[in-house]
Amino acid sequence: MGLLENLALVFVAGLITALATGIGALPFFFFESISDRQNVVLWGLASGIMLAASVFGLVDEGLAEGSPVEILVGLAAGVVLVVVAHEFIVDADIDPREYEEADFRRLVLILGVLTVHSFPEGVAIGVSFADLGLAGGFEFLGVTIPLLAVFMTVAISIHNVPEGTAISIPLTSLGVPNWKLVWWAVFSSLPQPIGAVLAFAFVRVAREFLAVGFGFAAGAMIYLVLSQFVPEALSIGTRLPNGGKPELVGGIVLGVVLMAPLALI
């Protein structure tokens, strides 16, 4: 396959993960609301999946490609990216309930916020496709796809489902139609296919930075979990017994266990 075909395949993988976010809105076609307990478990599930994907997938693969020092440099760079990006938009954080009334200026702001949260996940997908077309993967339609790429695409797709649910909750309380819930959920993850393509193009051209790239994607995602997902879950669980911590921990463990078999494969 040529470069354009490879880029198209990586873009499709990123688009699949973005579309998976829309699945999180589907429960609202059948139920009017989701309880705080269920919501905390979902955030825990998303956190566990991302932690497992980062450690078992990206960090492990990075160690196979380079030294621990390179991984640590990448991890630090990933954290710095998210921290700096948040500093730029810290006063512009957009509540999903404002989406429906967004003018052009606010829409640009929303895209900036969504990029900070979704772009690192797209980077993880792109980096995982670094060995696309090379030996060591499995054949699909005549193309050798790395097992890590399948692992990361599945992991982030599953992780995006509860994110879509979280986005839909405030919107449904405002009477936003169900079909629009799906649209806004998918919209929130659209930076992922873009990040996937950019990261893939970079590591294919500069393979000497591949280990750093793996660390970078892992660092950004782990930091997002610790700085955004876990605090969000604890905030939602304040009205639950023990602050929702048992539900959060249970969700995290479930997410890790869910991804462990894929990691072993």
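Residue numbers restart at each chain and count upward from 1, following the sequence in its written direction. Owing to the predicted nature of the model, reporting of local features is limited to residues with pLDDT of at least 70; listing and counting of side-chain atom pairs is limited to 80 or more, with chain, interface and lining totals taken over all residues. Calculation of side-chain values draws on the structure's entire complement of heavy atoms; hydrogens and water are dropped beforehand.

**Student:** Go over the overall build of the protein, please, and point to the residues and values.
**Tutor:** On a plain count of helices and strands, the protein comes out with nine helices and two strands. Strands here are runs of E lasting at least two residues and helices are runs of H or I lasting at least four, both read from the DSSP assignment and numbered beginning at the N terminus. For the protein, the α and β elements follow one another from N to C terminus as α-α-α-α-β-β-α-α-α-α-α. Every one of the 265 residues in the protein was classed for burial, and the buried ones make up 48%. Of the contacts formed within the protein by residues at least 6 apart in sequence, a portion of 83% connects residues at least 24 apart. For the protein, the accessible surface area stands at approximately 12,400 Å², while carbon and sulfur atoms represent 70% of it. The buried label goes to any residue with under 20% of its type's maximum accessible area, the exposed label to any with over 50%, and the partly exposed label to all in between, with areas taken from a 1.4 Å probe on protein chains only. The contact rule is simple, with two residues in contact once any of their heavy atoms fall within 4.5 Å. Accessibility throughout is a Shrake-Rupley quantity obtained with a 1.4 Å probe, and a residue counts as covered only by protein chains that appear here.

**Student:** Give a description of the confidence of the model for the protein that names residues and reports values.
**Tutor:** The pLDDT value expresses, per residue, how confident the predictor is, ranging between 0 and 100. When pLDDT is averaged across the protein, the result is 80; 82% of the residues are at 70 or more. At the low end of the mean pLDDT range in the protein sits helix 4 (residues 104–128), at 68; at the high end sits helix 1 (residues 3–23), at 89.

**Student:** Account for the packing of helix 1 against helix 6 (residues 178–187), naming residues and giving values.
**Tutor:** Inter-axis angles, ranging from 0 to 180 degrees, are taken between N-to-C directions of lines fitted to C-alpha atoms, where helices are fitted over the stretch in contact. The geometry of helix 1 relative to helix 6 is characterised by a closest axis approach of 7 Å and an angle of 145 degrees between their N-to-C directions. In the crossing of helix 1 with helix 6, the sense of the turn from one axis to the other is right-handed. Each of Ala-18, Leu-19, Thr-21 and Gly-22 in helix 1 lies in contact with helix 6, whose residues at this interface are Val-182, Ala-185 and Val-186. The classification used treats Ala, Val, Leu, Ile, Met, Phe, Trp, Tyr, Cys and Pro as nonpolar, Asp, Glu, Lys and Arg as charged, and all other residues, Gly among them, as polar. Classifying every residue of the contact of helix 1 with helix 6 gives five nonpolar, two polar and no charged. With the far helix as reference, a near helix turned anticlockwise by less than a right angle produces a left-handed crossing, and one turned clockwise produces a right-handed crossing.

**Student:** With reference to specific residues and values, describe the environment of Val-123.
**Tutor:** Relative to the elements of secondary structure, Val-123 occurs in helix 4. The class of Val-123 is buried, set by a relative accessible area of 7%. Each C-alpha atom, one on Val-123 and one on Ala-220, is 9.3 Å from the other, the two residues being 97 residues apart in sequence. Not counting chain neighbours up to four residues away, the residues in contact with Val-123 comprise Gly-195, Ala-196, Ala-199, Phe-216 and Ala-217.

**Student:** Can you break down the packing of aromatic side chains residue by residue, with the values?
**Tutor:** Working definition: rings of Phe, Tyr and Trp (its six-membered ring) pair if their centres are within 6.5 Å, and the pair is stacked with planes under 30 degrees apart, edge-to-face with planes over 60 apart, and tilted otherwise. Scanning the entire structure with this criterion turns up five aromatic pairs. On the basis of an interplanar angle of 45 degrees and a centroid distance of 5.5 Å, the ring pair of Trp-183 and Phe-187 is categorised as tilted. Separated by four residues within a single helix, Trp-183 and Phe-187 lie in helix 6, roughly one turn from each other. Assessed through its relative accessible area of 42%, Trp-183 is described here as partly exposed. Judged by its relative accessible area of 9%, Phe-187 falls in the buried class. For the pair Trp-184 and Phe-187, a centre-to-centre distance of 5.2 Å together with 90 degrees between the ring planes defines the contact as edge-to-face. Of this pair, Trp-184 and Phe-187 both sit in helix 6, three residues apart, which is roughly one turn of that helix. The same class applies to Trp-184 as to Phe-187, namely buried.

**Student:** I'd like a description of unusual backbone geometry, backed by residues and values.
**Tutor:** In terms of backbone geometry, most residues other than glycine have negative phi values and most peptide bonds are trans. In this structure, Asn-242 takes a positive phi of about 60 degrees despite not being glycine. If you trace the backbone, Asn-242 turns up in the loop between helix 8 (210–236) and helix 9 (245–264).

**Student:** Outline the packing of helix 1 against helix 7 (residues 191–205), supporting the account with residue identities and numerical values.
**Tutor:** Between helix 1 and helix 7, the least distance of the axes is 7 Å, while the angle of their chain directions is 145 degrees. Handedness of the crossing formed by helix 1 with helix 7: right-handed. Here helix 1 contributes Asn-6, Leu-7, Val-10, Phe-11, Gly-14, Leu-15, Thr-17 and Ala-18 to the contact with helix 7, which in turn contributes Gln-192, Pro-193, Ala-196, Val-197, Phe-200, Ala-201 and Arg-204. Class assignment for the residues of the contact of helix 1 with helix 7 results in 10 nonpolar, four polar and one charged.

**Student:** Go over the nonpolar core with me, naming the residues and quoting the values.
**Tutor:** Most often, soluble globular proteins have nonpolar side chains that are buried together. The biggest cluster of nonpolar side chains holds 48 residues, and the ones touching the most others in it are Leu-58, Phe-129 and Met-152. Listing elements by their share of this core, those giving two or more residues are helix 1, helix 2 (36–65), helix 4, strand 2 (143–145), helix 5 (147–173), helix 7, helix 8 and helix 9. Per-element tally for this core: the top contributor is helix 8, with 11 residues. Judged by nonpolar contacts, the second largest core, of five residues, contains Ala-25, Phe-28, Val-176 and Leu-181. For our purposes a nonpolar core is just a set of buried Ala, Val, Leu, Ile, Met, Phe, Trp, Tyr and Cys residues, chained together by side-chain atoms within 4.5 Å.

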